[in-house]
Amino acid sequence: MTNQTVIKVGSTATGFWGKFRTVLARRTEGRAIVLFAIIATFVTVSQPLVFTAYQVTLGRIALIGLVALGLTAVILMGELDLSVASTLAVSGVIAVTVANQTNMAIGVLAALAAGVVVSLINAFFVAIVGINSFIATLGMLFALRGMAFVISDEAPVKLENTDLGIAFGQPLLGPLTPRILIFFLIFIAIQIFVSRVKAGREFLAVGGNRQAAYDAGIPVKRRIFTGFIISGVVAAIAGIINAVERTSADPTSGSTVLLASFAAAIIGGNYLKGGKGSIVGTLIGAASLGMLQVALTISGVQIPIQEIFIGGILLIAVITDPSSLRAVWGSLSTTFQGIKNSLAK
Amino acid sequence: MRKSRLVLAPAVMLAAAALVLSGCAAAEEETTTDAGSTTTDSTEEVAETYEVFALLPQGSDQAYGTFYVPAMEAAAAELGINLTITNSQYDGDKQASECEIAVAAKPDGIILWPAVGDAVRPCLEAAEAAGIPVTVTNSDLFDADKALSRGYSGPDTYGQGVSSAEIMCELVGDTPVNIIQLNGAPGNSTAIDRDNGFTDTVAANCPNVTILQEESTDWTKATAQQVASEMITAQGIDNIGGIYAADDSIAAGAIAALESRGVVAADYFITSIGNTFLGNPLVVAGSLDGTVFQSSSWDGENATRLMYAVLTGEIAAGEREVKFMPSVKVTAGNASDADVAPEW
């Protein structure tokens, strides 16, 4: 079992182009790479500042992509985790509240623990009780949002050690800030887990055909727990980073994160039904989205127009999927055949 | 082996891109410096134009922003300012990212309307480090951060709460009255300031007014109606004599909640803030006893004018100018006057 989509591409390909086609057919990131190239070209021509101020662009990619990376672990199994945005908010509030009373290290641990607890509850309802993950995590989304307000007393919680927060937002390695470095470290960790570790590789099997995964002896419930823990902990890390970097934890934080994360995963070629996709794809999706958002922001393009751009790219990502294209082609062929037959009569 | 290459490829590409881009960045830095000198030389002949970023939390997606942004743009066109306007939709993290972009673009100035008051310190520090002046609009900064900005223009949000409370106190007189209080969105600095202004003034001027319960809303009429209805149920309609709402949309929702219980809103002491298209007719009709005029066009226009004053040196370096919007009380006596005609 690998993390690549296995599509039957006919007999063994030979020659460079044959091998190239085989690789393209096996990967789900093909469309994402094409979209990335188109967006990069557009951005290079229209707003080169996106590249010259690349540390800012990387920061935006990390902002969008971090939660998306964790979310992909769940999506690969055909599940959804809508609670990530609220997990982000509540973990930030917990981190800063506890840090103000003790120290930052304890605050971070408390927030990570909260992320684990949230994921365990989500996974319990999905894997043990059997509730649809959309519904279970939707409930958690509201519950955690309320909890963030209660803990924060309905107001942003200021980090008392402001200097620490300001320092955290400064470049640490070359032009790279801790947020960007953590983002890449998490990408590498999840990528290795999903592609190299047996438990991770089984995510795709669970998403592809759950019954077959059961029959093959894969501990499906345990894998679902693992996926939700990855998603919850990564969302908690994102919440901690946001709160520390902004020197304040906002209970309303993450309001735009959920849709952006799903968009990054979908643009990256991940199937919401599970079984197909990759962490690399999500990285490319987040990079495409981040670059586009920075370019549009610099251009002063208003939010409704930005949404049209992003929606358009999402649509392109979905309709250019080979199975969608085959379905469209099949439908068109049937229609034309019907017209042809009618005319012949 | 092939899998390893596929996994490593994006990382290698990103690293290579970072190296190439850092080269581009250095080149760009030199180019910008040169371009800067050229601009300075030519300013003697051509009227100077300024590049300004306006980091707003709303735009045409909200009623206030719909009138705020055109006024801001009109003033910019008049004063020779090229505005780049962003809208963070009240997401503090998004606004922080937009601020990083703005600082990287090296504009002449940044106009900031804080999405979350507590979260703007890093943005202000980054702008100061880059030598970019920042002015604040609509919701002022917290005291600890004010030194990092060159001025504020907009409503006196605390004063608006005070004015609304003064209307309430004047109406109530010495009669003991229980009221419920509906605030704006949780964590929003305008909501917090108005809340503080109202409660401080009630405590000082009319302690006979008791606030039975206060709850947050999301500034919308629909949510306010639901929240007010729940508060009325919790406290009992007979125990409530009045309502304070943080803005007119909230007041309209609270009035609808009262009327759905079969009572007449005019029999209650109700005050709010905004004097909007929704609130002003309620004052004229007598359902709302008073509101406080807030001009979205004044707000947008003066945000640009304040930045212009900073850029042209009218406000000297090291000084901080504060320009409050007049907070006119609007009651049945003046609600139909032309000078308080609603704008949004």
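Residues numbered from 1 in each chain as written. Chains lettered and ligands numbered in written order. Predicted model: local features only at pLDDT ≥ 70, side-chain atom pairs only at ≥ 80, totals over all residues.

Details of the overall build of chain A
Then, in step 1: Secondary structure summary: chain A contains 16 helices and 2 strands in total.
Then, in step 2: For chain A, whose C-alpha radius of gyration is 22 Å, the value lies close to the compact-globule estimate of 20 Å for 345 residues.
Then, in step 3: Each principal axis of the C-alpha distribution contributes one length, and for chain A these read about 80 × 50 × 45 Å.
Then, in step 4: Out of the 345 residues in chain A, the part that is buried amounts to 53%.
Then, in step 5: Once local pairs closer than 6 in sequence are excluded, the contacts in chain A between residues at least 24 apart make up 76%. (Helix = DSSP H or I, 4+ residues; strand = E, 2+ residues; numbered from the N terminus. Rg over C-alpha atoms; globule rule 2.2 N^0.38 Å. Buried ≥ 20, exposed ≤ 12 C-beta atoms within 10 Å, placed from the backbone. Contact = placed C-beta atoms within 7 Å.)

Considerations on the sheet that holds strand S3 (residues 109–112) of chain B
All names here are of chain B.
Then, in step 1: Reading across the sheet, the 6 strands line up as S2-S1-S3-S4-S5-S11 and stay open at both edges, with parallel pairing between neighbours. Across the chains shown, the open sheet's two edge strands, defined by having one partner strand only, are strand S2 (81–87) and strand S11 (321–324). Along the sheet, successive strands turn relative to each other by an average axial angle of 20 degrees, direction set aside.
Then, in step 2: The pairing of strand S1 (residues 50–56) with S3 spans 4 bridges and is classified as parallel. Note that in S3 the partner of Leu55 across the bridge is Leu112. (Pairing = 2+ DSSP bridges. Axes fitted to C-alpha atoms, helices over the stretch in contact; angles between N-to-C directions.)

Side note on helix H4 (residues 121–129) of chain B
Then, in step 1: Within H4(B), burial applies to B:Arg121, B:Pro122, B:Cys123, B:Leu124, B:Ala126 and B:Ala127.
Then, in step 2: Contacts made by the buried residues of H4(B) are with helix H8 (162–168) and helix H12 (220–246) of chain A together with helix H3 (92–105), S3 and strand S4 (134–137) of chain B.
Then, in step 3: One or two residues past the end of H4(B) sits B:Gly131, with phi positive at roughly 75 degrees.

Some words on the interface of chain B and chain A
Then, in step 1: On the chain A side, the residues contacting the 39 residues of chain B number 43 residues.
Then, in step 2: Of all the elements in the fold, those that place two or more residues in the side of chain B that touches chain A are helix H1 (2–42), S2, H3 and H4 of chain B.
Then, in step 3: When residues of the side of chain B that touches chain A are assigned to their parent elements, the largest contribution, 10 residues, is made by H3(B).

Remarks on the environment of B:Asp339
Then, in step 1: Within the element layout of this structure, B:Asp339 appears in the segment after strand S12 (329–331).
Then, in step 2: Spatially, the C-alpha atom of B:Asp339 lies 9.8 Å from that of B:Phe293, the residues being 46 residues apart in sequence.

Topic: the domain arrangement of chain B
Residue and element names in this part refer to chain B.
Then, in step 1: According to the domain assignment, chain B consists of domain 1 (48–154 + 297–326) and domain 2 (157–293).
Then, in step 2: The distance between the C-alpha centroids of domain 1 and domain 2 comes to 30 Å.
Then, in step 3: In this assembly, 4 residues from domain 1 lie in contact with 4 residues from domain 2.
Then, in step 4: Across the side of domain 1 that touches domain 2, the residue classes break down as 2 nonpolar, 2 polar and no charged. (Domains from an automatic or database assignment. Nonpolar A, V, L, I, M, F, W, Y, C, P; charged D, E, K, R; others polar.)

Points about the nonpolar core
Then, in step 1: A:Val67, A:Ala95 and A:Val234 are the most contacted members of the largest nonpolar core, which has 149 residues in total.
Then, in step 2: When neighbours within four sequence positions are excluded, A:Val234 is seen to be in contact with A:Leu66, A:Val67, A:Leu69, A:Gly70 and A:Ile186.
Then, in step 3: With 47 residues, the next largest nonpolar core counts B:Ile180, B:Cys206, B:Phe269 and B:Leu288 among its residues. (Core = buried A, V, L, I, M, F, W, Y, C linked by C-beta atoms within 7 Å.)

Here we look at H3(B)
Residues and elements named next belong to chain B.
Then, in step 1: The terminal C-alpha atoms of H3 lie 20 Å apart, and with 14 residues this matches the ideal 20 Å at 1.5 Å per residue to within 8%.
Then, in step 2: Counting buried residues in H3 gives 13 out of 14 residues, a clear majority hidden from the surface.
Then, in step 3: Within two residues after H3, Lys106 carries a phi angle of roughly 50 degrees, on the positive side. (Expected span 1.5 Å × (residues − 1).)

Overview of unusual backbone geometry
All names here are of chain B.
Then, in step 1: Non-glycine residue Tyr90 carries a positive phi angle of around 65 degrees.
Then, in step 2: Here Tyr90 lies in the loop between S2 and H3.
Then, in step 3: Despite not being glycine, Asn275 shows a phi value in the positive range, around 55 degrees.
Then, in step 4: With respect to the helices and strands, Asn275 occurs in the loop between strand S9 (269–271) and helix H9 (279–285).
Then, in step 5: Overall, the presence of 27 C-beta atoms within 10 Å leaves Asn275 in the buried class.

What to know about the pairing of S4(B)
Residues and elements named next belong to chain B.
Then, in step 1: Burial of S4 is two-sided: the residues Val134 and Val136 facing one way and the residues Thr135 and Thr137 facing the other way are all buried.
Then, in step 2: When S3 meets S4, the two strands line up parallel, connected through 3 bridges. Across the sheet, the residue bridging to Leu112 is Val136, located in S4.
Then, in step 3: Inspection of the sheet shows S4 paired to strand S5 (residues 151–154) by 3 bridges, in the parallel sense. Following the sheet pairing, Thr135 is matched in S5 by Gly151.

Overview of the confidence of the model for chain A
Residues and elements named next belong to chain A.
Then, in step 1: Across chain A, the average pLDDT comes to 87, with 93% of residues at 70 or higher.
Then, in step 2: Ranking the elements of chain A by mean pLDDT puts helix H1 (residues 15–26) last, at 69, and helix H6 (residues 104–129) first, at 96.
Then, in step 3: In this model, residues 1–11 is a region of pLDDT below 50 whose contacts with residues beyond four sequence positions or in other chains number 23 contacts. (pLDDT = per-residue confidence, 0-100.)

Some points on the confidence of the model for chain B
Then, in step 1: Mean pLDDT over chain B works out to 86, with 86% of the residues at or above the 70 mark.
Then, in step 2: Predicted confidence for residues 1–44 of chain B stays below pLDDT 50, and this span has 19 contacts to residues more than four positions away or in other chains.

As for the packing of helix H4 (residues 54–75) of chain A against H3(B)
Then, in step 1: In the contact formed by H4(A) and H3(B), the axes pass within 9 Å of each other and the chain directions differ by 165 degrees. Considered as vectors, H4(A) and H3(B) are oriented roughly antiparallel to each other. As for the relative orientation of H4(A) and H3(B), their crossing is left-handed in sense. From H4(A), A:Val56, A:Gly59, A:Arg60 and A:Leu63 reach across to H3(B), where they touch B:Asp93, B:Ser97, B:Glu100, B:Ile101 and B:Ala104.
Then, in step 2: Across the contact of H4(A) with H3(B), the residue classes break down as 4 nonpolar, 2 polar and 3 charged. (Parallel < 35°, antiparallel > 145°, perpendicular 65-115°, else oblique. Left-handed = near helix turned anticlockwise from the far one by under 90°.)

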